[in-house]
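Below are the chains, spelled out letter by letter.
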Amino acid sequence: MDLPKLLDGRLKLKHLVLVDILMTQGSVVGAAKALHVTQPVVTRSLQDLEAVLGVPLFDRGARGLSPTEFGVAFTAHARAVIAQLRQSARHLTEIADADRGQVSIGTHLAGSNILIPRAIAKLKSAHPLLTVIVKEGPSDSLLTDLAAGRIDLIVGRLTAPSNEGLIRRPLYQESVRVVVGAQHPFAGADVLELGDLAAFPWILPGPDTVLRGELEAYFLEQGFEVPRNRVETTSFLTARQLMLETEHVAVMPELIAREDPRISRLPISLEPIGHSVGLTLSAERQLNPASTAMIAALRNAALHMTG
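Figured I'd write up the structure that's included with this text. (Residues numbered from 1 in each chain as written. Predicted model: local features only at pLDDT ≥ 70, side-chain atom pairs only at ≥ 80, totals over all residues. Heavy atoms only, no water.)

1. Brief notes about helix 11 (residues 289-302)
We count it as follows: A run of H or I in DSSP becomes a helix once it reaches four residues, and a run of E becomes a strand once it reaches two; helices and strands are each numbered from the N terminus. Any helix carries an expected span of 1.5 Å times its number of residues minus one. For every residue, the accessible area (1.4 Å probe, protein chains only) is compared with the maximum for its type, and the residue is labelled buried under 20%, exposed over 50%, or partly exposed between those bounds. To be clear, the arc concerns the directions from the helix axis to the C-beta atoms. Here a polar contact is taken to be a pair of N or O atoms separated by no more than 3.5 Å, where protein atoms must pair a possible hydrogen donor with a possible acceptor and residues adjacent in sequence count only if both atoms sit in side chains.
Taking 1.5 Å per residue, 14 residues should reach 20 Å; helix 11 reaches 20 Å between its end C-alpha atoms and fits that length. Where helix 11 is concerned, the buried positions are Ala290, Ser291, Met294, Ile295, Ala297, Leu298, Ala301 and Ala302. Projection of helix 11 onto a plane perpendicular to its axis shows the buried side chains occupying an angular sector of 160 degrees, all on one side. A distance of 3.1 Å separates the backbone nitrogen of alanine 290 from a side-chain oxygen at the start of helix 11, and that oxygen is part of asparagine 288.

2. A few points about the pairing of strand 11 (residues 274-282)
We apply this condition: Strands pair, by our definition, only if DSSP identifies at least two bridges between them.
Across the nine residues that make up strand 11, a large majority, eight, are buried. One ladder, built from five bridges, connects strand 5 (residues 153-158) with strand 11; its direction is antiparallel. Looking at strand 11, one finds that glycine 156 is bridged to glycine 278. The pairing of strand 6 (residues 166-181) with strand 11 spans nine bridges and is classified as antiparallel. Residue pairing in the sheet places isoleucine 167 in a bridge with leucine 281 of strand 11.

3. Some details on the packing of aromatic side chains
For clarity, the cut-off: Two rings from Phe, Tyr or Trp (for Trp, the six-membered ring) form a pair when their centres are within 6.5 Å of each other. A pair whose planes differ by under 30 degrees is stacked, one over 60 is edge-to-face, and the rest are tilted.
In this structure the tally under the stated criterion is three aromatic pairs. Measuring from ring centre to ring centre gives 5.6 Å for phenylalanine 186 and phenylalanine 200, while their planes differ by 70 degrees; the resulting arrangement is edge-to-face. With a gap of 14 residues between them, phenylalanine 186 in the loop between strand 6 and strand 7 (202-204) and phenylalanine 200 in the loop between strand 6 and strand 7 connect regions that are remote in the sequence. Phenylalanine 186 sits in the partly exposed class, given a relative accessible area of 23%. Since its relative accessible area comes to 14%, phenylalanine 200 is described here as buried. Measuring from centroid to centroid gives 6.2 Å for tyrosine 218 and phenylalanine 219, while their planes differ by 65 degrees, and the two rings are edge-to-face. For the pair formed by tyrosine 218 and phenylalanine 219, the shared burial category is buried. Connected via pairs of aromatic rings, a cluster forms that spans Trp202, Tyr218 and Phe219.

4. Topic: empty space enclosed by the protein
The condition that has to hold: A cavity here means a set of 1 Å grid points, computed over protein atoms only, where a 1.4 Å probe fits but cannot escape. A pocket is an open set with protein on both sides within 12 Å along at least 5 of 7 lines, and lining residues have an atom within 4 Å of a point. Grid points are joined across faces, edges and corners, and a volume is the space filled by probe spheres set on the points. Residues are grouped as follows: Ala, Val, Leu, Ile, Met, Phe, Trp, Tyr, Cys and Pro are nonpolar; Asp, Glu, Lys and Arg are charged; all remaining types, including Gly, are polar.
Enumeration according to the criterion identifies two cavities of 30 Å³ or more in this entry. Of the voids in this model, the largest cavity is the one considered here, and its volume is about 50 Å³. In the lining of the largest cavity, the residues fall into two nonpolar, four polar and two charged.

5. Describing the side chain of threonine 68
Heads up, the condition is: In this description, contact between two residues means that some pair of their heavy atoms is separated by no more than 4.5 Å.
In this fold, threonine 68 is placed in the loop between strand 2 (64-67) and helix 4 (69-96). Judged by relative accessible area, which is 10%, threonine 68 ranks as buried. The residues contacting threonine 68, other than those within four sequence positions of it, are Pro56, Leu57, Phe58 and Asp59.

As structure tokens, then:
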């Protein structure tokens, strides 16, 4: 095929935004809603973009849109361009007044309850007008937001080393504990076995998480099935409230359990399950001043964290 001419004026910034939204939403209907335009406008813009590129970006089906290999490849480049533009706009603002910048953090369970609040408190004491945005979500979704520049960094469990597109920097090591609410019949027990908890409902991370896979392996090694009576969530607030009001058993990071007197840690070893909490950054973007200050605050807070 001929090399697409992307600098002849036909390719617009709106096309890059469109393909990012289409990839995220998976349908014309969802993209139209997200962009606040009509469905025909989305369809026409996609057709225009495909005409510029000379390749199909999506296959149309009854269940929505499925990206072709061209769509996957082009979306990655589109997101990188969008991220750089977002970064440049913010960089200009921060040059004018570094203390009035903005940093957006993505996080999942590990680190979200203790590390991030402590780091934010430290940062805001020095830069009170700097805006900090915290977004919780599953790992895959946060990585997409990082690639598109919607967030500046991710704080959470590190499950892989750095690669071509991502930089991962560990902050501290943390263990995982089996916990219950303080009113649970086994709260404060000195000796306990996994089998003693078989009759109680459990709270486990979702099946798409690394921790869930490790817990399933642990249950099998101990001769038990994964509890059938369970709730699956990575929301600490949901898990905590369930434990406080019911007899649910949960698995969560050691520090979260340690900091809340309403949660009791049970004497059941989950060794060698544990993890490294750290930062995930885009290797393709330069850090802005606000992000640099946030990372410094996170590192400072992590010095006082033990798992």
